[in-house]
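# Results of the structural survey
Here are the chains, one letter per residue:
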Amino acid sequence: MGKWASLQSILRASDLPVAHLGGHARRVRASKTLEDHIVRIEEGEEQTWKRLKIGVVYVKEGQVEERDIWHNCDGSHAWEEFLSFLGERTRLQGFDKYLGGLDNQKNLTGTHSVFTEWEGAQIMFHVSTLLPFRANDAQQIERKKHIGNDVVVLVFKEGDTPYRPSTILSKQNHVILVVRRIFNASTGDLHNKPLRFRVACAAKTSVPFFGPTLDDTGLYPKDDEFRSCLLSKIINAQFAAYQCPVFSNKLKRFREADLQNLLAAFLQSSLIYLYIPSSHPKKK
């Protein structure tokens, strides 16, 4: 008869990780494999930080009620121009980059959306006027389902009516960026060419500070520099919001679950019992 090696003897014999299961000792045959899996988890988390879904909402002059905003099906020329400024209008069917929860097979979430890639990040915008409109749905659940679950929301506002950040009721929305285009006073709306944007930002108190800091006037010319500033603000807003307990605790639980599942699977497939033959001489 032989005997099972003790945990101590395995530790003395090998520097590989060892688990003590059911009173028997098991040794990892290839610790590098576990390391590779952990690296893949880290890379997956990094990809999460580089893929963002951002809400974009169109608010007409005088609109102050959420219901009215969700019922906007078409926007002005200024709205369309702003969407083009953010990114490229993209057909969803067959789209093979980051979808942000949108459907790319049966047009269930509309036929088009706006997408951009900037500084290594993929950003899918959930555009209120491009999401499906249901004439018999007073609350427009399909639209609110997506934008109401976005952490950061851009609001493009027409006219002088103030926009309240609490207009859209959502526990997920943590940062609201309100954008309004400003015309040159001497030319007014002639040729419908905006010269500047005015930007304001509101965030829940649990969101830590994030940059870039907006200019005191909140006024920016419509150029590449402002676009970079706005996209940077959006991305940093998302990262800052993820530090709030409601998100950070959830991300921590997901990470712990991933690692526990990985460890359980690895122990199941990659560990072996070590059997040490008895040193007693065989009887002749």
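Above this text sits the structure in question.
The following refers to the structure shown. Since the structure is predicted, the reported quantities are computational estimates derived from the model, not experimental observations. (Residues numbered from 1 in each chain as written. Predicted model: local features only at pLDDT ≥ 70, side-chain atom pairs only at ≥ 80, totals over all residues. Heavy atoms only, no water.)

So, on to the overall build of the chain. What the chain contains, in helices and strands, is seven helices and 13 strands. Evaluated residue by residue, the chain yields a buried proportion of 40% over its 284 residues. Sequence separation of at least 24 residues holds for 60% of the intrachain contacts in the chain that already meet a minimum separation of 6. Surface exposure of the chain reaches about 16,500 Å², of which carbon and sulfur atoms provide 53%. (Helix = DSSP H or I, 4+ residues; strand = E, 2+ residues; numbered from the N terminus. Buried < 20%, exposed > 50% of the residue type's maximum accessible area, 1.4 Å probe, protein only. Contact = heavy atoms within 4.5 Å. Areas by Shrake-Rupley, 256 points an atom, 1.4 Å probe, with all protein chains shown as cover.)

A separate point is helix 4 (residues 77-86). Of all 10 residues that make up helix 4, seven are buried, and the element is covered over most of its length. Those residues of helix 4 not exposed but buried are A78, W79, E81, F82, L83, F85 and L86.

By the secondary structure assignment, R134 is in the loop between strand 7 (121-127) and helix 5 (141-147). Sequence separation of R134 and H71 is 63 residues, and the distance between their C-alpha atoms is 9.0 Å. Contact partners of R134, with chain neighbours within four places excluded, come to L108, Q140 and E142.

This part takes up the sheet that holds strand 10 (residues 196-203). Read across the open sheet, the eight strands follow the order 5-6-7-4-8-9-10-11; overall the sheet is mixed. Because the sheet does not close on itself, it has two edges, and the strands there are strand 5 (88-91) and strand 11 (219-221). The mean angle between the axes of side-by-side strands here comes to 30 degrees, regardless of whether they run parallel or antiparallel. With five bridges joining them, strand 6 (residues 112-118) and strand 7 adopt antiparallel strand pairing. Each residue of the ladder has a partner; that of F115, found in strand 7, is M124. Across the face of the sheet, helix 6 (residues 224-241) comes into contact with strand 4 (51-59), strand 6, strand 7, strand 8 (152-157), strand 9 (175-182), strand 10 and strand 11 while running at roughly 95 degrees to strand 6. (Pairing = 2+ DSSP bridges. Axes fitted to C-alpha atoms, helices over the stretch in contact; angles between N-to-C directions.)

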